[in-house]
Amino acid sequence: MNETSIVVSGLRKRFGPTLALDGMSFTVGPGQVTGFAGPNGAGKSTTMRIVLGLDAPDEGSALVGGRPYRSLPCPLRVVGSLLDAGALQPGRTARNHLLWLAHSQGLTAARVDQVLEQAGLTGVARRRAGGFSLGMRQRLGIAAAMLGDPPVLMLDEPFNGMDPEGIVWIRGFLRALAAEGRAVLLSTHLMSELQDTADHVVLVGRGRVLADRTMPELLARHGSLERAYLELTRDAVEFRAAGSPEASR
Amino acid sequence: MRAALHAEWTKLRTVRGWVVALAVAAVAVVGLGLLAGGQGSCGRNGPQSECVLPVGPGGQEVTDSFTFVHRSLTGDGSITVRLNGLTGVLPRKPGPGGPADSTGPQVAEGDPGDGEPGLAPWAKGGLIVKDGTRPGSTYAAIMLTGAHGVRMQHDYVHDRAGPPVPATTARWLRLTRAGQTITGQESPDGTAWTTVGTVRLPGLPATAQVGAFATSPQYTWVAGGGRGVGGVTGGPSQATATFDSLGLQGTAPDPAWMRTLVGGGAPGQPEEVGAGFRVAGSGDIAPAVAGISGIGTTISQTLIGTFAGLILVVVVATMTMTAEYRRGMIRTTVAAVPRRGRVLLAKAVVLGGTAFGLGVPAAAVVIFVGQRMLRDRGVYVHPASTATEVRLVVGTGLLLAGAAVLALALGTVLRRGFTAVVAGIVVVVLPYLLAMSVLPAEPAQWLLRVTPAAAFALQQSAVSHPQVDHFPIPVNGYFPLSPWAGLAVLAGWTALTLGLAVLSLRRRDV
Amino acid sequence: MRRALHAEWTKLRTTPGTGLLLLTVVAATVGIGVLASAVTDCRAGGCTVDLAKVSLTGVQLGQAVVAVLAVQVIGAEYSTGMIHLSLTAVPRRLTVLAAKALVLTAVVTTAAAAGVAGSLLAADRLLPLAVTDAAVLRAAAGSVLYLVLVGLLALGVTTAVRNPGAAAGLVLGLLYLFPLIGLATTDPDFRRHLDQIGPMAAGLAVQATTGLDSVAVSPWRGLAVLGAWAAAALLAGGLLIRLRDA
């Protein structure tokens, strides 16, 4: 595998009595947007945390550009990620938030101003990030992910809290990144957005991959991504509201 | 309000970490109280080593040691003497470079003979009538003191002032017995007599010992600007009273005068009382006090675990508020109970009640069990009245409750958990620690008057007596405020901070 | 490491309140020190107390502020979840902790030196104290080190327990409980022992300039005891941050 990729193989992870990952394996290739979807508790976040070296797997490995994340000297120049847009200290300004991140990768303030511009945050760069709406925090998170101009991007629910204009922006932005040859992993519950954005979909449930297909394949077989999702994850849903059509089945 | 209380109680008891922390707080109060006492030597080294203080007629512990030149007197009678002033020896004054700044009060070894001339303020010399020479027996005495003039004292705790003459003056003194009534008189010249006091000694038998006495209490130097523990040194002092013209009227069965060291354990020796004689003594006839001139420990010290409990309670109380801010749960909370002041009050009631509810039983165990364990380990513990014990137990609960509510309010105002935790601990614990360890007495007392640490007065068990020089300063277990005034200071700070918290919660967007 | 240091420095200087906290360290140290010096009256009966120690009393309050600063350095990241971002940017976790420790050391040293120097300058006017005396200078330098070590202790503890509120309680408990228990104990040997092992009592032994033959622990050895506490806390924090899932 070349350096523009995420390779996850045979991940297993147990949290107490819960088996979160049960042999998770998939590959995120360059030049396309790979959708990452599955019910709550399917193991999406855990997988991404393991890819980023935040959690250690009990078994298996996750490689970014052929190397474990923790061995990357300047990781943000290899993978940009957005896990939790709220994870910032509210008292710091948006620009300063990006500045310490830039310094950690040996980047300069000039690069910070570039990504602020890219994310459309230049006007609010010197405002406290704590006062940002969720959508603005998402933009700030995406700016942070872009900071190292990385060949691989991994975004968890970037559409959350975005206004329609922002959703359109992210969609075009991700498509453009893929067109530049980057590998993009996009985790979301919004099937319509995913259908419009992704070229490839990894569908997971109960800690393992349920389907790993191209978008045209899925659409050809199930008609729409939402239908594909519901049919493929039918037996892998852990939490379901009483009275939902699937529960009474 | 009931619903808000119920909600807050459910919030508190459903976070496992908080429940564990509060349980640990109770365990810490008990555990440290039972473990930290150390070992004592009372009763460990044979029959003479029991630490027993004489008990006075009122049931209280007393100090009763003095030099007594006495004779028995049956029935009514009187004794008159001229006292030609007091002289004395004080323990050596610590000089620069001497023993300074160690961790505990230092009491000089050795007898006061190697000290320097001087009189302790409560050095005493005069006449006494007493039920035998057993320490703790009923007595009445008229005396000249080092710095407090002529006094009439009886049964250890009672004290009446006569003329404030200096200790160097010659003064005539007289004690007259009529049944159970003793009258003390004094005169500058032996002819014009003034009655200082008339007291009843119901326990005085028909034959009592009467005579001249002298004694002088433990003396304490407070050096270098009156520092608390560090600069306080002291030791025994001695007073010498010079008498003449001793006259006894009444039935005296014994032919001779005896000289006895009351409280000294040795039998008395016959004494020739001529025209003039001297009596030199060291000790005191007074209620026993804790502190530098006392022995052993007080039950207050078994409550040391309060500090550990306090820190934990402060942490939990702070977090109940800051945890809501951290993840934005405060929005859900104020959506459920839109009257924000009510939210805070409900939290305060729940936390205060919980802290009180765990502090009281924990303190009760320490006071009642810990006291016994300390005694079993040979540590002398000053007994305290049941009322004092109950006040200590309830006071510990109130202290924890007040600190919890103060911390909650600080958490609301400051919003950041660790800042509020540190602020809460620093305002309550640090003044106490500084007052007890490094600060001079005056700033220490000032701190314990104005800071929330004033509430530690609730845990004071030492009793203060004006007729005993015992340095009623914080290191010796004496707080500048009364227990309830101390509590009021804490309550005041808590109410003030809570008010600020309500204001900021109302004004600020959540 | 250089990049991690640069990042931590940027983080610290852009955290609102850092400057205020550092000023508070200085103000608390000097303020309490001046008060203690002012109330110590050496005219009546001479001074038998350790004047250097009196003038540096403010360190006892200053350390609480240093603890707040140190807890904040990593605790605020845990409470906001930003630690994930920090560990994503610098996946070598010990490097992150070491960078934080170094940056903290630098700022605490500066503030502590200012506070201690201010206290001594005030004492020079208020007390008959020879501030250029070797022992006094040792007490002063030791006090600066003391504050730095308290900061590192707090950093280690916070890294280990992750909850800043609990960490703050634990640090102040470690500092204050030993001397408090010492006050309550009736056993002088036990008290001496507490003074020898407690991080605060042993560490503050470095302030002693008189009666050195009767102290529970000698100045530098006492500071080393605090150093051992700080090292143990950092070690525990380092091990846990390395082994645990973030």
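These figures come from a predicted structure and were not determined experimentally.

(A) Structural view of the arrangement of the chains. Summarising the chain contacts, 2 pairs of chains touch, and the pair with the most contacts is chains B and C. One finds no contact between chain A and chain B; the C-alpha atoms of the two approach each other to within 10 Å at their closest.

(B) Region of interest: helix α5 (residues 164-179) of chain A. All names here are of chain A. Taking 1.5 Å of rise per residue, the 16 residues of α5 would be expected to cover 22 Å, and the 23 Å separating its terminal C-alpha atoms lies within 8% of that figure. Of the positions making up α5, those classed as buried are Gly166, Ile167, Trp169, Ile170, Phe173, Leu174, Leu177 and Ala178. One face of α5 carries all of its buried residues, which in axial projection span an arc of 160°. With respect to the buried face of α5, the exposed residues turned more than 90 degrees away are Pro164, Glu165, Val168 and Ala179. Of the residues trailing α5, Gly181 is marked for its positive phi of about 100°.

(C) Layout of unusual backbone geometry. For A:Arg206, which is not glycine, the phi torsion reads 50° and is therefore positive. With a relative accessible area of 43%, A:Arg206 lands in the partly exposed category. Here the phi dihedral of B:Tyr156 falls at roughly 70°; this positive angle occurs in a residue that is not glycine. Following the sequence through the fold, B:Tyr156 ends up in the loop between β7 (150-154) and β8 (158-161). Exposure remark for B:Tyr156: the relative accessible area of 0% places this residue in the buried category.

(D) Representation of the sheet that holds strand β9 (residues 200-205) of chain A within the structure. Residues and elements named next belong to chain A. The strand order β6-β7-β8-β3-β9-β10 describes an open sheet built from 6 strands, whose pairing is mixed. Looking at which strands have only one partner, the edges of the open sheet turn out to be β6 (79-82) and β10 (208-214). The mean inter-strand angle of the sheet, taken between neighbouring strand axes irrespective of direction, is 15°. The sheet contact formed by β6 and strand β7 (residues 152-156) spans 4 bridges and is parallel. Of the residues in β7, the one forming a bridge with Leu82 is Leu155. Against the sheet, helix α4 (residues 134-146) touches β6 and β7, its axis set at about 165° to β6. Along the sheet face, helix α7 (residues 215-222) touches β9 and β10 and points at about 95° away from the line of β10.

(E) The arrangement of the pattern of salt bridges in detail. All names here are of chain A. Across all of its chains, the model carries 25 salt bridges over all chains by this definition. Arg49 serves as the salt-bridge partner of Asp55, at 2.8 Å between the closest nitrogen and oxygen. Per residue, the accessibility class of Asp55 equals that of Arg49, and both read buried.

(F) Region of the structure containing the domain arrangement of chain B. As assigned here, chain B comprises domain 1 (2-39 + 297-507) and domain 2 (62-287). Taken over C-alpha atoms, the centre of domain 1 of chain B sits 44 Å from the centre of domain 2 of chain B.

(G) Geometry of the sheet that holds strand β4 (residues 59-64) of chain A. Residues and elements named next belong to chain A. Taking strand neighbours across the sheet as the criterion, the 4 strands line up as β2-β1-β4-β5 in an open arrangement whose pairing is antiparallel. The two strands at the open ends of the sheet, each matched to only one other strand, are β2 (18-28) and β5 (67-68). Both strand β1 (residues 6-15) and β2 contribute to a ladder of 8 bridges, which runs antiparallel. Residue Lys13 lies in a different strand from β2, and its bridge partner there is Leu21. Along the sheet face, helix α1 (residues 44-51) touches β1, β2 and β4 and points at about 115° away from the line of β1.

(H) Quick peek at the environment of B:Ala123. Residue and element names in this part refer to chain B. Among the secondary structure elements, Ala123 is positioned in the loop between β4 (116-117) and β5 (124-130). Along the primary structure Ala123 and Ala170 are separated by 47 residues, whereas in three dimensions their C-alpha atoms are 16 Å apart. Setting aside residues up to four positions removed in sequence, Ala123 forms contacts with Leu86, Leu144, Thr145, Gly146, Thr215, Ser216, Pro217 and Ala239.

(I) Molecular detail of the domain arrangement of chain A. Residue and element names in this part refer to chain A. According to the domain assignment, chain A consists of domain 1 (1-78 + 150-163 + 179-249) and domain 2 (86-149). Tallying the contact residues gives 15 residues for domain 1 and 13 residues for domain 2. Both sides together, the interface formed by domain 1 and domain 2 hides about 1,200 Å², and carbon and sulfur atoms give 60% of it. Broken down residue by residue, the surface that domain 1 buries against domain 2 is led by Leu76, Arg77 and Met162, which jointly contribute 42%. The tally of links from domain 1 across to domain 2 stands at 1 salt bridge. A salt bridge links Asp149 to Arg182; the shortest N-O distance between them is 2.8 Å. At the junction of domain 1 and domain 2, the tally comes to 6 residue pairs in polar contact (both at pLDDT 80 or more). Taken together, the residues of the side of domain 1 that touches domain 2 sort by class into 9 nonpolar, 2 polar and 4 charged.

(J) Summary view of the UniProt feature "transmembrane region" (unreviewed entry) in chain B. Those residues carrying the UniProt feature "transmembrane region" (unreviewed entry) are residues 303-323, 344-370, 390-410, 417-439 and 484-505 of chain B in this numbering. The straight-line gap between the two end C-alpha atoms of residues 303-323 of chain B is 30 Å; of that span, 86% is helix and 0% is strand.

(K) How the structure looks around the packing of aromatic side chains. Considering all chains together, one arrives at 11 aromatic pairs over all chains under this definition. Taking 5.3 Å as the distance between ring centres and 50° as the angle between the ring planes, the aromatic pair formed by B:Phe66 and B:Phe68 counts as tilted. A centroid spacing of 5.8 Å and a plane angle of 70° characterise the contact between C:Phe178 and C:Trp229, whose relative ring orientation is edge-to-face. With a gap of 51 residues between them, C:Phe178 in helix α8 (residues 164-184) and C:Trp229 in helix α11 (residues 219-243) connect regions that are remote in the sequence. Look at C:Trp229 and you get partly exposed, because its relative accessible area is 26%. Here the aromatic residues B:Phe307, B:Tyr432, B:Phe456 and B:Phe479 are joined through ring pairs into a cluster of three or more. Over the face of the ring belonging to A:Trp169 we find A:Arg139, whose NZ or CZ atom lies 5.0 Å from the ring centre. The side chain of B:Arg174 reaches across the aromatic face of B:Trp193, ending 4.3 Å from its centre.

(L) Just the side chain of B:Thr494, in detail. For B:Thr494, the location among the structural elements is in helix α9 (residues 483-507). You can call B:Thr494 buried: its relative accessible area is 8%.

(M) The interface of chain A and chain C, seen in detail. At the junction of the two partners, chain A supplies 33 residues and chain C supplies 28 residues. Summed over both partners, the interface of chain A with chain C buries about 2,500 Å², with 56% contributed by carbon and sulfur atoms. Of all residues in chain A, A:Leu54, A:Arg70 and A:Trp100 give up the largest surface area on contact with chain C, accounting jointly for 28% of the area buried on that side. Where chain A meets chain C, there are 1 salt bridge. A salt bridge links C:Asp245 to A:Lys13, with the shortest nitrogen-to-oxygen separation between them at 2.5 Å. At the surface where chain A touches chain C, the tally comes to 13 residue pairs in polar contact (both at pLDDT 80 or more). Elements supplying a minimum of two residues to the side of chain A that touches chain C: β1 and α2 (94-104) of chain A.

(N) Main features of the environment of B:Pro163. With respect to the secondary-structure elements, B:Pro163 resides in the loop between β8 and β9 (170-178). Separated by 15 residues in sequence, B:Pro163 and B:His148 place their C-alpha atoms 8.8 Å apart.

(O) Inspection of empty space enclosed by the protein at higher detail. Scanning the model with the defined rule gives 7 cavities of 30 Å³ or more in all. Space inside the largest cavity adds up to approximately 100 Å³. Lining the largest cavity, in full, are A:Gln89, A:Arg92, C:Glu8, C:Lys11, C:Leu12, C:Thr15, C:Gln72, C:Val73, C:Glu77, C:Lys100 and C:Val103.

(P) Representation of the packing of helix α3 (residues 306-326) of chain B against helix α6 (residues 386-414) of chain B. All names here are of chain B. Axis separation between α3 and α6 bottoms out at 8 Å; the angle between their running directions is 30°. It follows that α3 is roughly parallel to α6 by the angle criterion. Here the hand of the crossing between α3 and α6 comes out right-handed. Of the residues in α6, those in contact with Thr306, Gly309, Leu310, Val313, Val314, Ala317, Thr318, Thr320, Met321, Thr322 and Tyr325 of α3 are Thr396, Leu399, Leu400, Ala403, Ala404, Ala407, Leu408, Gly411 and Thr412.

(Q) Summary view of the packing of helix α7 (residues 417-437) of chain B against helix α8 (residues 441-450) of chain B. All names here are of chain B. Where α7 contacts α8, the axes come no closer than 9 Å and their chain directions differ by 160°. Viewed along their axes, α7 and α8 adopt a mutual orientation that is roughly antiparallel. Where α7 crosses over α8, the handedness of that crossing is left-handed. Residue-level inspection shows Pro431, Tyr432, Leu434, Ala435 and Met436 of α7 in contact with α8, the latter providing Ala444, Leu447 and Leu448. Considered class by class, the residues forming the contact of α7 with α8 number 8 nonpolar, no polar and no charged.

(R) Quick look at a nonpolar patch on the surface. Taken together, B:Val365, B:Phe368, B:Val369 and B:Met373 make up a surface patch of nonpolar side chains, about 300 Å² in accessible area. Of note, B:Phe368 is situated in helix α5 (residues 340-376).

So, how was this worked out
- Here the residue numbering is sequential within each chain, running from 1 through the sequence in written order.
- The order in which chains are written sets their letters, starting at A; the order in which ligands are written sets their numbers, starting at 1.
- Under the rules for a predicted model, residues below a pLDDT of 70 receive no local features and side-chain atom pairs below 80 are neither given nor counted, while totals for whole chains, interfaces and linings still include all residues.
- Side-chain numbers come from the whole structure's heavy atoms, not from hydrogens or water.
- Whether two residues are in contact is decided by their heavy atoms: any pair within 4.5 Å suffices.
- Helix and strand assignments follow DSSP, with helices taken as H or I runs no shorter than four residues and strands as E runs no shorter than two, numbered in order from the N terminus.
- Expected helix span is computed as 1.5 Å times (number of residues minus one).
- Three labels apply to residues, based on accessible area from a 1.4 Å probe with only protein chains included: buried if under 20% of the type maximum, exposed if over 50%, partly exposed otherwise in between.
- It is the directions from the helix axis to the C-beta atoms whose arc is reported.
- Note: two strands are recorded as paired if DSSP finds a minimum of 2 bridges between them.
- Angles shown run from 0 to 180 degrees and are taken between the N-to-C directions of axes, each axis being a line fitted to C-alpha atoms and, for helices, limited to the stretch in contact.
- Whenever a carboxyl oxygen of Asp or Glu lies within 4 Å of a side-chain nitrogen of Lys or Arg, that contact is scored as a salt bridge.
- Just so you know, the domain bounds were taken from an automatic or database domain assignment.
- Simply put, the buried area is the total loss of 1.4 Å probe accessible area from both parts when two parts are fitted together.
- Pairing of N or O atoms within 3.5 Å defines a polar contact, subject to two protein rules: one partner must be a possible hydrogen donor and the other a possible acceptor, and residues neighboring in sequence count only if both atoms are side-chain atoms.
- Under the scheme applied here, ten amino acids are nonpolar (Ala, Val, Leu, Ile, Met, Phe, Trp, Tyr, Cys and Pro), four are charged (Asp, Glu, Lys and Arg), and all others, including Gly, are polar.
- UniProt positions are given in the numbering used here, feature names are shortened, and annotations may be inferred rather than shown by experiment.
- Note on aromatic contacts: the rings of Phe and Tyr and the six-membered ring of Trp form a pair at centre separations within 6.5 Å, being stacked when their planes are under 30 degrees apart, edge-to-face when over 60 apart, and tilted otherwise.
- We count a charge as sitting over a ring when the NZ of a lysine or the CZ of an arginine lies within 6 Å of the ring centre and within 35 degrees of the ring normal.
- Put simply, the grid is 1 Å and covers the protein atoms alone, a cavity is a trapped set of points that fit a 1.4 Å probe, a pocket is an open set with protein on both sides within 12 Å along at least five of seven lines, and lining residues have an atom within 4 Å of a point.
- Grid points are joined across faces, edges and corners, and a volume is the space filled by probe spheres set on the points.
- In this scheme, roughly parallel covers angles under 35 degrees and roughly antiparallel covers those over 145, while 65 to 115 is roughly perpendicular and the rest are oblique.
- Each crossing is labelled by how the near helix is turned from the far one, with a counterclockwise turn of less than a right angle marking it left-handed and a clockwise turn marking it right-handed.
- Note that patches include only residues with greater than 30% relative accessible area and no salt bridge, and the join distances are 9 Å for like charges and 5 Å for nonpolar side chains (Val, Leu, Ile, Met, Phe, Trp, Tyr).
- Computed with the Shrake-Rupley method and a 1.4 Å probe, the accessible areas treat only the protein chains shown as cover for residues.

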